[in-house]
Amino acid sequence: MREMDFTDKMMDGTIGELSGGWQMKLRLIRAILIDPDIYLLDEPTNHLAEGAVKWVTDYLNSLGNQTVLCVSHDSNFLENICTDIIHYEQRNV
């Protein structure tokens with residue numbers, strides 16, 4: 001948590017006291033700690049500062065055999081983490 005700049009006060013407080021960005025960082029840390037085979041990420045860069053987005057990007061790129069499925073509108077983030085992209089667009093018939 002210190003690597004993501006959490007302070008002692010933040011770590012001792014409640015989740016509800018954290019802003020949206022800090023709550024997102026906490027969710028990402030939790031996902032990393034359980035070491036899943038598949039990461040399902042829905043807009044993981046929302047509410048994150050540039051430094052945190054870089055950290056998440058670097059972490060995802062360092063994964064070995066895990067699969068990452070990510071929904072995001074952040075095209076720069078997607079370009080940096082994806083090997084394949086599916087673009088879905090709902091159209092009126």
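Definitions and cut-offs
- Residues numbered from 1 in each chain as written.
- Predicted model: local features only at pLDDT ≥ 70, side-chain atom pairs only at ≥ 80, totals over all residues.
- Heavy atoms only, no water.
- Phe/Tyr/Trp six-rings, centres within 6.5 Å; stacked < 30°, edge-to-face > 60°.
- Helix = DSSP H or I, 4+ residues; strand = E, 2+ residues; numbered from the N terminus.
- Buried < 20%, exposed > 50% of the residue type's maximum accessible area, 1.4 Å probe, protein only.
- 1 Å grid on protein atoms, 1.4 Å probe; cavity = no way out; pocket = protein on both sides within 12 Å on 5 of 7 lines; lining within 4 Å.
- Points joined across faces, edges and corners; volume = space filled by probe spheres on them.
- Nonpolar A, V, L, I, M, F, W, Y, C, P; charged D, E, K, R; others polar.
- Contact = heavy atoms within 4.5 Å.
- Salt bridge = Lys/Arg side-chain N within 4 Å of Asp/Glu carboxyl O.

A.B. asks: Give me the packing of aromatic side chains: which residues, what numbers.
C.D. replies: According to the stated counting rule, one finds three aromatic pairs in the structure shown. Here Phe6 and Trp22 contribute two aromatic rings whose centre-to-centre distance is 5.0 Å and whose plane-to-plane angle is 70 degrees, an arrangement assigned as edge-to-face. With Phe6 in the segment before helix H1 (8-12) and Trp22 in helix H2 (residues 20-33), this pair connects stretches of sequence that are 16 residues apart. Look at Trp22 and you get partly exposed, because its relative accessible area is 22%.

A.B. asks: Could you give an account of empty space enclosed by the protein, naming the residues involved and the relevant values?
C.D. replies: Rolled over the atoms, a probe sized like a water molecule indicates the empty space that remains. Summed over the entire model, instances satisfying the criterion amount to one cavity of 30 Å³ or more. Taken as a whole, the largest cavity spans an internal volume of roughly 40 Å³. Residue lining of the largest cavity: Leu28, Ala31, Ile32, Tyr39, Leu41, Trp55, Val56, Tyr59 and Leu60, and that is the complete set. Elements represented by at least two residues in the lining of the largest cavity include exactly H2, strand E1 (38-42) and helix H3 (50-62). Looking at the lining of the largest cavity, its residues break down into nine nonpolar, no polar and no charged.

A.B. asks: Lay out the environment of Leu78 in plain terms, naming residues and giving numbers.
C.D. replies: Structurally, Leu78 can be placed in helix H4 (residues 75-81). Judged by relative accessible area, which is 14%, Leu78 ranks as buried. Separated by 21 residues in the primary sequence, Leu78 and Thr57 place their C-alpha atoms 9.0 Å from one another. Excluding its chain neighbours within four sequence positions, the residues that come into contact with Leu78 are Cys70, Ser72 and Ile85.

A.B. asks: Help me get a handle on the pattern of salt bridges, residues and values and all.
C.D. replies: Applying the stated criterion across every chain, the model contains two salt bridges. Residue Asp58 pairs with Lys54 through a salt bridge whose shortest N-O separation is 2.7 Å. Here Asp58 pairs with Lys54, and both are found in helix H3, just four residues apart, close to one helical turn. Look at Asp58 and you get partly exposed, because its relative accessible area is 39%. On the accessibility criterion, Lys54 (52% relative accessible area) is exposed. A salt bridge links Glu89 to Arg91; its shortest N-O distance comes to 3.8 Å.

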